[in-house]
Amino acid sequence: MGRNAASAIQRAVRPYLRGYAAVLFCSHDLAGLLILAVTFIHPEVGACGLLSAVAAHLTARHLRYPEFEQPPEVYNALLVGLALGAAWKVTSLLLAIIAVTGVITALATHVLAGWLWRLNRLPVMSLTFVL
């Protein structure tokens with residue numbers, strides 16, 4: 001594999017690894033990889049979390065959020081996807097709901113983050129997941 005291909009893969013995977021690592025307030029890619037692997041102890045739950053994270057990240061990229069704002073969208077959507085995957089039996093309907101909630105979580109996180117920051121410089125953290 002060439003250097004350019006490896007670099008492209010790293011750029012494509014890094015937002016997800018940073019999002020997974022942010023669940024434990026880390027920013028290292030290796031921590032994100034470890035957390036990603038742990039979520040797949042139950043493959044259906046891990047897949048639901050990953051689907052939601054991908055939907056959120058693609059939404060953030062499509063709406064051109066700055067790159068430093070994308071991990072909160074990814075980890076909030078990840079938490080939502082993991083919770084839904086753990087709570088219900090995985091069906092095609094649930095996967096569609098998870099994809100939609102990933103998009104909604106990305107939008108809500110972006111709006112709440114801006115509002116809380118202007119309000120009193122508060123971080124959004126996982127408030128969107130709690131809501």
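Residues numbered from 1 in each chain as written. Predicted model: local features only at pLDDT ≥ 70, side-chain atom pairs only at ≥ 80, totals over all residues. Heavy atoms only, no water.

**So, the confidence of the model for the protein**
- The predicted model of the protein has a mean per-residue pLDDT of 87, with 95% of residues at 70 or higher.
- Of all the helices and strands in the protein, helix α6 (residues 127-130) carries the lowest mean pLDDT, 71, while helix α3 (residues 43-62) carries the highest, 94. (pLDDT = per-residue confidence, 0-100. Helix = DSSP H or I, 4+ residues; strand = E, 2+ residues; numbered from the N terminus.)

**Let's talk about the nonpolar core**
- Counting eight residues, the largest nonpolar core is built from Tyr16, Tyr20, Ile35, Val45, Ala53, Val74, Leu78 and Leu82.
- At the level of elements, α1 (3-22), α3 and α4 (70-87) are the ones that each hand at least two residues to this core.
- Beyond its immediate sequence surroundings of up to four residues, Leu78 is in contact with Gly19, Tyr20, Val23, Gly49, Leu50, Ser52 and Ala53. (Core = buried A, V, L, I, M, F, W, Y, C linked by side-chain atoms within 4.5 Å. Buried < 20%, exposed > 50% of the residue type's maximum accessible area, 1.4 Å probe, protein only. Contact = heavy atoms within 4.5 Å.)

**Re the packing of α1 against helix α2 (residues 29-39)**
- The contact between α1 and α2 brings their axes to 7 Å, and the two run at 75°. The pairing of α1 with α2 is recorded here as roughly perpendicular in orientation. Between α1 and α2, the residues in contact are Arg14, Leu17, Arg18, Tyr20 and Ala21 and Asp29, Ala31, Gly32, Leu33, Ile35, Leu36 and Thr39, respectively.
- Here the residues of the contact of α1 with α2 are counted per class, giving seven nonpolar, two polar and three charged. (Axes fitted to C-alpha atoms, helices over the stretch in contact; angles between N-to-C directions. Parallel < 35°, antiparallel > 145°, perpendicular 65-115°, else oblique. Nonpolar A, V, L, I, M, F, W, Y, C, P; charged D, E, K, R; others polar.)

**Comments concerning the environment of Pro71**
- Mapped onto the elements, Pro71 comes out in helix α4.
- Between the C-alpha atom of Pro71 and that of Ser27, which follows or precedes it by 44 residues, the distance is 9.5 Å.
- If we ignore the near neighbours within four places in the chain, the residues touching Pro71 are Arg18 and Gly19.

**Re the packing of α1 against α3**
- Between α1 and α3, the least distance of the axes is 11 Å, while the angle of their chain directions is 120°. By the angle class used here, α1 and α3 are oblique. Regarding α1 and α3, the two cross each other, and that crossing is right-handed. Between α1 and α3, the contacting residues are Pro15, Tyr16 and Tyr20 on the first element and Gly46, Gly49, Leu50, Ala53, Val54 and His57 on the second.
- Counted by class, the contact of α1 with α3 contains six nonpolar, three polar and no charged residues. (Left-handed = near helix turned anticlockwise from the far one by under 90°.)

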